[in-house]
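# Chain and residue survey
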Amino acid sequence: MMRRCLGPNCPTLIPTGSRCPRCEVANRGTRQQRQSFRAAVLSRDGYTCQSCGLVDPSGKQLEADHVTALADGGNPLDIGNGSTLCKADHRAKTLGRIK
């Protein structure tokens with residue numbers, strides 16, 4: 001079953017997900033922009049989890065978290081809305097276990 005894209009004023013019908021590819025890019029940025037956001041946030045935070053203090057210079061155990069969720073109006077590409085978290089703490093935050 002096809003459903004309407006949730007992008008503002010978008011008439012596109014999509015089979016799965018919530019946004020068509022055009023609106024998804026507009027909502028979250030391109031892959032390159034998201035990768036740049038991650039690199040900038042991790043670098044600014046010294047490759048250190050801002051919750052538990054884990055240091056990972058390779059960045060493999062770290063993720064860039066959006067302080068204000070995109071669903072709540074957070075800017076997806078503003079590094080001021082980013083914070084470095086280890087994978088475990090990012091998951092805990094997402095599940096509401098830590099703030």
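Quantities reported herein were computed from a predicted structural model and do not represent experimental measurements. (Residues numbered from 1 in each chain as written. Predicted model: local features only at pLDDT ≥ 70, side-chain atom pairs only at ≥ 80, totals over all residues. Heavy atoms only, no water.)

### So, the overall build of the chain
A tally of regular secondary structure across the chain gives three helices and four strands. Overall, the chain shows an N-to-C arrangement of helices and strands of β-β-α-α-β-β-α. Once the C-alpha set of the chain is aligned to its principal axes, its extents read approximately 45 × 30 × 20 Å. By residue count, 29% of the 99 residues in the chain fall in the buried class. Pairs at least 24 residues apart make up 42% of the contacts formed inside the chain by residues separated by at least 6 positions. Distance from the positive charge centre (15 side chains) to the negative charge centre (8 side chains) of the chain: 8 Å. (Helix = DSSP H or I, 4+ residues; strand = E, 2+ residues; numbered from the N terminus. Buried < 20%, exposed > 50% of the residue type's maximum accessible area, 1.4 Å probe, protein only. Contact = heavy atoms within 4.5 Å. Lys, Arg positive; Asp, Glu negative; His and termini not counted. Charge placed at Lys NZ, Arg CZ, Asp CG, Glu CD.)

### A short note on the confidence of the model for the chain
Scored by pLDDT, the chain comes out at a mean of 90, with 97% of its residues at no less than 70. Mean pLDDT across the elements of the chain ranges from a minimum in helix α1 (residues 21-28), with 74, to a maximum in strand β4 (residues 82-86), with 98. (pLDDT = per-residue confidence, 0-100.)

### Digging into the nonpolar core
In terms of nonpolar packing, the biggest core is built from eight residues, these being Phe37, Val41, Leu42, Cys49, Leu62, Ala64, Leu85 and Cys86. Looking at this core, the elements with two or more residues in it are α2 (31-44), β3 (62-66) and β4. Sequence-distant contacts of Val41, that is, excluding residues within four places in its chain, are made with Ala64, Ile79, Gly82, Ser83 and Thr84. Among the nonpolar cores identified, the runner-up in size contains five residues, and Cys5, Cys10, Ile14 and Cys20 belong to it. (Core = buried A, V, L, I, M, F, W, Y, C linked by side-chain atoms within 4.5 Å.)

### Here's the deal with α2
With 14 residues, α2 ought to run about 20 Å at 1.5 Å a step, and its terminal C-alpha atoms sit 20 Å apart, in line with that. Listed as buried for α2 are Phe37, Val41 and Leu42. Take α2 and look down its axis: the buried residues cluster within an arc of 120°, on one side only. On its buried side, α2 packs onto β3 and β4. (Expected span 1.5 Å × (residues − 1). Arc of directions from axis to C-beta.)

### Examining the side chain of Asp45
Examined against the element boundaries, Asp45 turns out to sit in the loop between α2 and β3. Classification of Asp45 as buried rests on a relative accessible area of 14%. Excluding residues that lie within four positions of it along the chain, Asp45 makes contacts with Gln50, Ser83 and Thr84.

### Considerations on the environment of Pro76
Note that Pro76 resides in the loop between β3 and β4. Exposure remark for Pro76: the relative accessible area of 16% places this residue in the buried category. Separated by 39 residues in the primary sequence, Pro76 and Phe37 have C-alpha atoms spaced 8.3 Å apart. Discounting residues that sit within four places of it in the chain, Pro76 has contacts with Asn27, Arg28, Phe37, His66 and Leu70.

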